[in-house]
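# Structure assessment
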Amino acid sequence: MALLKIARMGHPVLLARAEPVPDPKAASVAQLIDDMIETMEDIRGAGLAAPQVHVGLRVFVYRVPEERSAGPDDPPRAVQALINPTIEAIGDEQALRVEGCLSIPGLRGAVPRPARVRYAGWDRAGEPISGEASGFLATVLQHENDHLDGILYPMRMTDLSRLAFEDEFARFGLLP
Ligand code: NI
């Protein structure tokens, strides 16, 4: 087990497109996932993608913290991994949710994204998994999947007046 160094916005690895994992059952991939989980939990993050730890592979880890759960359709979830994910929107509904990123420390922004998504991929054991997501889970899956395509959440924002430092966000909020 090891804590990994997080790449911050401005590092080219965060703007590159990651490569598919050749073998989702490889022991090296499980080791990477374990180290990413340890790193994410150490910083109390809700998601971490491999490019954020300078690894250009299509894998991320995520969880739904109890305080971020958005109701019965979006229950708290223990940490999970998704390898070679595919994510697609269900319907046209958009949701505006506040996001942060371990690679952009100290900031929060309101990001519009599809409210519901269908996801598929392989888990830490290399077994196929799939499902539908709404609420915070839909947000974190799309945020982490974007990292695999070199996209950071401010690049998804349509109103940069809703980008704020965490302490000012705590004082004033973001949404009207
Ligand atoms: Ni992020």
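This write-up is about the structure you can find in this document. Owing to the predicted nature of the structure, the values given are computational and were not obtained by experimental measurement.

Rules and cut-offs
- Residues numbered from 1 in each chain as written.
- Predicted model: local features only at pLDDT ≥ 70, side-chain atom pairs only at ≥ 80, totals over all residues.
- Heavy atoms only, no water.
- Pairing = 2+ DSSP bridges.
- Helix = DSSP H or I, 4+ residues; strand = E, 2+ residues; numbered from the N terminus.
- Axes fitted to C-alpha atoms, helices over the stretch in contact; angles between N-to-C directions.
- Contact = heavy atoms within 4.5 Å.

Moving on to the sheet that holds strand β7 (residues 128–133). Spatially, β1-β2-β3-β6-β7 is the arrangement adopted by the 5 strands of the open sheet, whose pairing is antiparallel. Each edge of the sheet is formed by a strand with only one pairing partner; in this case those strands are β1 (47–49) and β7. Between one strand axis and the next, the sheet turns through 35° on average, direction left out of account. One ladder, built from 5 bridges, connects strand β3 (residues 77–89) with strand β6 (residues 117–122); its direction is antiparallel. When the bridges of β6 are listed, I83 appears paired with W122. Sheet strands touched by helix α1 (residues 27–43): β1, β2 (59–64) and β3. Its angle to β2, the strand with the most contacts, is close to 40°. Of the strands in this sheet, β1, β2, β3, β6 and β7 touch helix α2 (residues 135–148), which is tilted by about 160° from β2.

As paired strands, β6 and β7 are joined by 6 bridges and run antiparallel to one another. Looking at β7, one finds that G121 is bridged to I129. Between β6 and β7, which pair antiparallel in sequence order, lie 5 residues; one of them, G126, sits at a positive phi of approximately 80°.

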